[in-house]
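Here are the chains, one letter per residue:
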Amino acid sequence: MHKITAECIACAACVDSCPLSAIVEDGDTYKITDDCTDCGACVDACPVDAIVAE
C-alpha cells in the first residue's frame, strides 16, 4: 500500500488522480485509505514525490 509522507504540500493533485477516491483529507494534509489498490496514479500526480510504497 502507498502512504503520503510529511513532504505533502496539500495541493490535492493526488485526490483528483485517484480512480477509487481512496485519498481523503487528514488534518492539514491527506491520507490514503484501505480502499487503495496500489495502482500508482497518485505517485505520478504528486509534484513533490510525497507518496511512497510502504
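Residues numbered from 1 in each chain as written. Predicted model: local features only at pLDDT ≥ 70, side-chain atom pairs only at ≥ 80, totals over all residues. Heavy atoms only, no water.

*Asks:* Help me understand the overall build of the protein chain, please; the structure alone is not making it clear to me.
*Replies:* Across its full length, the protein chain holds two helices and four strands. Counting from the amino terminus, the protein chain carries its helices and strands in the arrangement β-α-β-β-α-β. For the protein chain, the C-alpha radius of gyration of 9 Å lies close to 10 Å, the compact-globule estimate for 54 residues. Principal axes of the C-alpha set define a box for the protein chain whose edges measure 25 × 20 × 20 Å. By residue count, 33% of the 54 residues in the protein chain fall in the buried class. Relative to all contacts within the protein chain whose residues are 6 or more apart in sequence, the contacts with residues 24 or more apart total 58%. Approximately 3,400 Å² of the protein chain is accessible, and the part contributed by carbon and sulfur atoms is 46%. (Helix = DSSP H or I, 4+ residues; strand = E, 2+ residues; numbered from the N terminus. Rg over C-alpha atoms; globule rule 2.2 N^0.38 Å. Buried < 20%, exposed > 50% of the residue type's maximum accessible area, 1.4 Å probe, protein only. Contact = heavy atoms within 4.5 Å. Areas by Shrake-Rupley, 256 points an atom, 1.4 Å probe, with all protein chains shown as cover.)

*Asks:* Looking at this structure, how should I read the pairing of strand β3 (residues 29–32)?
*Replies:* Every regular strand shows the same layout, with side chains that alternate between the two sheet faces. Of the two faces of β3, the one holding Tyr 30 and Ile 32 is buried and the one holding Thr 29 and Lys 31 is not buried anywhere. In the sheet, strand β2 (residues 23–26) pairs with β3 via four bridges, with the strands oriented antiparallel. Residue Val 24 lies in a different strand from β3, and its bridge partner there is Lys 31. As consecutive antiparallel partners, β2 and β3 are separated by two residues, and within that stretch Gly 27 has a phi angle of approximately 70°, a positive value. (Pairing = 2+ DSSP bridges.)

*Asks:* Even after reading the chapter, I still don't get the side chain of Thr 5, so can you show me in this structure?
*Replies:* Tracing the backbone through its elements, the reader meets Thr 5 in the loop between β1 (2–4) and α1 (13–17). The exposure class assigned to Thr 5 is buried, which follows from its relative accessible area of 16%. Every residue in contact with Thr 5, bar those within four places of it in the chain, is listed here: Ala 50 and Val 52.

*Asks:* Which parts of the structure should I look at to understand unusual backbone geometry?
*Replies:* For residues other than glycine, phi is negative in most cases, and the peptide bonds are mostly trans. Of note, the phi angle at Ala 10 is positive, near 60°, even though the residue is not glycine. You will see that Ser 21, though not glycine, has its phi angle at about 55°, which is positive. With respect to the secondary-structure elements, Ser 21 resides in the loop between α1 and β2. Using a relative accessible area of 57% as the deciding quantity, one classes Ser 21 as exposed.

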